[in-house]
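# Residue-level structure breakdown
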There are 2 protein chains.
Amino acid sequence: MSARQVTLAEVAKQAGVSLATASRVLNGSTRQVSGDLSDRVLRTAEELGYVPNASAQALARNSSSLVGLVVHDITDPYFSCIAAGVTRVAEEAGLVVVLGTTGRRPEREAELLSTLRAHRARAVVLAGSRTTDRAAQSRLAAEIDAFTEQGGRVACVSQAKLGTDTVVPGNRAGGRALARALTELGHKKFAVLGGPSELVVARDRLAGFKAGLNDAGIAPPVVVNGAFTRDGGYEAAMELLASKSRATCVFAVTDVMAMGAMAALRERGVRIPDDMSIAGFDDIPTLRDTVPALSTVRLPLEEMGEIAAGLVLDGGGDEARTVRVAGEVVLRASTAHN
Amino acid sequence: MSARQVTLAEVAKQAGVSLATASRVLNGSTRQVSGDLSDRVLRTAEELGYVPNASAQALARNSSSLVGLVVHDITDPYFSCIAAGVTRVAEEAGLVVVLGTTGRRPEREAELLSTLRAHRARAVVLAGSRTTDRAAQSRLAAEIDAFTEQGGRVACVSQAKLGTDTVVPGNRAGGRALARALTELGHKKFAVLGGPSELVVARDRLAGFKAGLNDAGIAPPVVVNGAFTRDGGYEAAMELLASKSRATCVFAVTDVMAMGAMAALRERGVRIPDDMSIAGFDDIPTLRDTVPALSTVRLPLEEMGEIAAGLVLDGGGDEARTVRVAGEVVLRASTAHN
DNA sequence: GCGTGGCGGGAAAGCGCTTTCCAGCGCTGC
DNA sequence: GCAGCGCTGGAAAGCGCTTTCCCGCCACGC
């Protein structure tokens, strides 16, 4: 086993041409190669089953065909949708995506970036949410600098990081619009299941929601914080229930959290939407089919991944670009008139 | 911008040692290096922000730190769970996972494998399902050979491919056990929402299910085939409904299909489980929280990913190993007595 | 005293490519 | 008729690392 790999040199020799010529034929260069030599090379490469050594190419060209993708948790539909968008674009561009997962540990983000830098990835999209953790942020910023310094591009999804391309969803606007829509249903008392307080995404959505309530002259909501996960939503909802809040409508800052919250409500015999309306944010596909279907703010997640990948792969200018994508309020069966 | 990357040579020079010494210090070799030299190298590496060039290392060592992961669709919870398991193990081993998606096109699998081979990935886990498509299969087999030939290891999830390590779920046994459990609920007439007929996974589950019905002396089910997706399940269910079948219980060979099917049933006013019981297969996490919760055969998906990654990374012998994981029938609210 | 080993350090030969530079050659233009 | 040009092919110099080999040094043992 372990028969050595066919090298360019072997192909060249077999075809009776120089290394340079073989290289030019097999990996499009600006230079022309005459038809018959070219044919011969192509044919022997085929016969020998030649596959170029990507590491060697990367080394010689000083650039690789790797694109990094950093997410917190690939099982979270929010991230897997974005991942699908990113991989689609990357694969179309003939690139290969390397997936890094942080498990929501802020320091992992910087570590992964460093690894990606070691691999001379040509670009990376960071889909993890920004935290307000000072230390982790500055370490990350340093890594981002080092990465771009080295010629790589980085784009962030859902977090405005200085100096990088960004696709930012209308978190604040979405939260606000949702609040308005919900107040129009007649609700007067709201609760919010917020994410960890250091997550900027969570804060923005919450801030927008509060602003929306304020627009409608409604009192600020009760806020219960929980982890950005299904279980976080479950626990936050339990806590809310225990607090004897009089809210008739609850906004979970994430669909995934809403899912956990709904489970908690059901478990406690709270009927949705009869006893309590609930809305989320993201519009992850699986929750469109649940009963009741979840009201939410739709974000074009796959498209966001595509945009991010596009930003990071199209060469781009020196200016950091920002693409805003709007969230669209979708009221479904989980919210009722009050 | 694009300040050149710090190289080992620069570190060595700055620290006043030879390239060899620097290399030995920074990338553990069998050779010893005296304490003070070692310190000096470490310190200057730190100061200069040295990060080894992974491509160069791969080239010099003739082995990379890449692990491939091939799935059909990363947004499908089935695959994203497996992916989570694989990445966890890989990252713990200090490796980097490259994610390839086939979009369910059989030929992409071979293409991706070839790309992975170009990158000299040290291993790859194939989570796509095996088809009976002759051409694609033999092309894939050739790529697998080439890959292992070159020293890489490959493991498959859920498909026994000759000569590779495999983790195979008890598809047949699971289907059979499920059939038994459902007949015990009193159902007599069954329908199956099968996957595309060329998918081996789908066929195995179906075959097991039929065997289970047979065990109980029940007539074979009506089978409607559909795509292995939510929409496939939706359409298959619609077709089933249109066929005026008298089935009181339907088995979707995949949870994801069951999800679509439930949506279809609901849309047609069929109450679950009162009018129709439904069960799936896989036990994807999101469907545990739906109403009604889906009866299914639980597969430890993340664990399967971990096992596959483990098989492929632990060196392993020459023998192809097979790890069987059992499915466990979990009856929930979507199935009722009849 | 000198030969033997063992050990830490460095020089240098690759790893498989890309790309620059040069050589040769057939043309064109004056 | 010849300088000059454009074009194709090849030799060879890297790319940044690992690893083999060799050398000098020291501690021993006889």
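Remember, it's a predicted structure, so these values are computed and weren't measured experimentally. (Residues numbered from 1 in each chain as written. Chains lettered and ligands numbered in written order. Predicted model: local features only at pLDDT ≥ 70, side-chain atom pairs only at ≥ 80, totals over all residues. Heavy atoms only, no water.)

Around DNA strand D lies a shell of 27 residues, among which Thr21, Arg31 and Ser34 of chain A together with Leu8 and Ser23 of chain B are the nearest. Of what DNA strand D places within 4 Å of the protein, 58% of the atoms are sugar or phosphate. Contact distances for DNA strand D include 3.5 Å between a base oxygen and a side-chain N or O atom of Arg24 of chain B. At 3.1 Å, a side-chain N or O of Arg61 of chain B approaches a phosphate oxygen of DNA strand D. The element best represented in the surface near DNA strand D is helix H4 (residues 54-61) of chain B, accounting for 4 residues. Along the lines of polarity and charge, the residues of the surface near DNA strand D split into 12 nonpolar, 9 polar and 6 charged. (Near = heavy atom within 4 Å. Polar contact = N/O pair within 3.5 Å; in protein donor to acceptor, adjacent residues only side chain to side chain. Helix = DSSP H or I, 4+ residues; strand = E, 2+ residues; numbered from the N terminus. Nonpolar A, V, L, I, M, F, W, Y, C, P; charged D, E, K, R; others polar.)

Quick look at the packing of helix H5 (residues 77-92) of chain B against helix H12 (residues 301-313) of chain B now. Residue and element names in this part refer to chain B. Packing of H5 against H12 brings their axes to within 7 Å, and their N-to-C directions diverge by 40 degrees. In terms of orientation, H5 lies oblique with respect to H12. The element H5 and its partner H12 pack so that their crossing is right-handed. Between H5, through Tyr78, Cys81, Ile82, Ala84, Gly85, Val86, Arg88, Val89 and Ala90, and H12, the contact on the second element is made entirely by Leu301, Glu302, Gly305, Glu306, Ala309, Gly310 and Leu313. When the residues that make up the contact of H5 with H12 are grouped by side-chain class, the tally is 10 nonpolar, 3 polar and 3 charged. (Axes fitted to C-alpha atoms, helices over the stretch in contact; angles between N-to-C directions. Parallel < 35°, antiparallel > 145°, perpendicular 65-115°, else oblique. Left-handed = near helix turned anticlockwise from the far one by under 90°. Contact = heavy atoms within 4.5 Å.)

All names here are of chain B. It is the contact of helix H1 (residues 8-15) with helix H3 (residues 35-48), at a shortest axis distance of 9 Å, that shows an interaxial angle of 125 degrees. With respect to H3, the axis of H1 lies oblique. Read as a crossing pair, H1 and H3 show a hand that is right-handed. Between H1, through Glu10, Val11, Gln14 and Ala15, and H3, the contact on the second element is made entirely by Arg40, Val41, Thr44, Ala45 and Leu48. Taken together, the residues that form the contact of H1 with H3 break down as 5 nonpolar, 2 polar and 2 charged.

The operation relating chain B to chain A is a screw motion whose rotation component is 180 degrees, with 0.0 Å of axial translation and a residual RMSD of 0.1 Å. Taken together, these values place the two copies in the relation of a two-fold axis. Considering only C-alpha atoms, the part of chain B nearest the rotation axis is Val98 of chain B, at 2.0 Å. Taken as a fraction of all interface residues of chain B, those also at the interface in chain A reach 100%, which identifies the copy contact as same-surface. (Least-squares fit on C-alpha atoms with pLDDT ≥ 70 in both.)

Take the interface of chain B and chain A next. On the chain A side, the residues contacting the 51 residues of chain B number 51 residues. When chain B packs against chain A, close to 4,400 Å² is buried across both sides, 57% of that on carbon and sulfur atoms. Among the residues of chain B in contact with chain A, Leu99, Arg120 and Asp289 of chain B are the three that bury the most area, contributing 13% of the side total. Counting across the chain B and chain A interface gives 4 salt bridges. Among the ionic pairs, Asp289 of chain A bridges to Arg230 of chain B, the shortest N-O distance being 2.6 Å. Connecting chain B to chain A are 14 residue pairs in polar contact (both at pLDDT 80 or more). Residue assignment for the side of chain B that touches chain A shows that the elements contributing at least two residues are H4, H5, strand E2 (96-101), helix H6 (106-118), helix H7 (134-149) and helix H11 (255-267) of chain B. The residue inventory of the side of chain B that touches chain A, partitioned by class, reads 22 nonpolar, 19 polar and 10 charged. (Buried area = accessible area lost by both parts, 1.4 Å probe. Salt bridge = Lys/Arg side-chain N within 4 Å of Asp/Glu carboxyl O.)

Here the focus is the domain arrangement of chain A. Residue and element names in this part refer to chain A. Domain boundaries in chain A define domain 1 (8-52), domain 2 (64-169 + 302-325) and domain 3 (171-299). A straight line from the C-alpha centre of domain 2 to that of domain 3 covers 28 Å. On the domain 3 side, the residues contacting the 12 residues of domain 2 number 14 residues. Of the roughly 1,100 Å² buried between domain 2 and domain 3, counting both surfaces, carbon and sulfur atoms make up 66%. In this assembly, domain 2 and domain 3 are joined by 0 salt bridges. With 3 residues, the top contributor of residues to the side of domain 2 that touches domain 3 is helix H5 (residues 77-92). A per-class count over the side of domain 2 that touches domain 3 returns 5 nonpolar, 4 polar and 3 charged. (Domains from an automatic or database assignment.)

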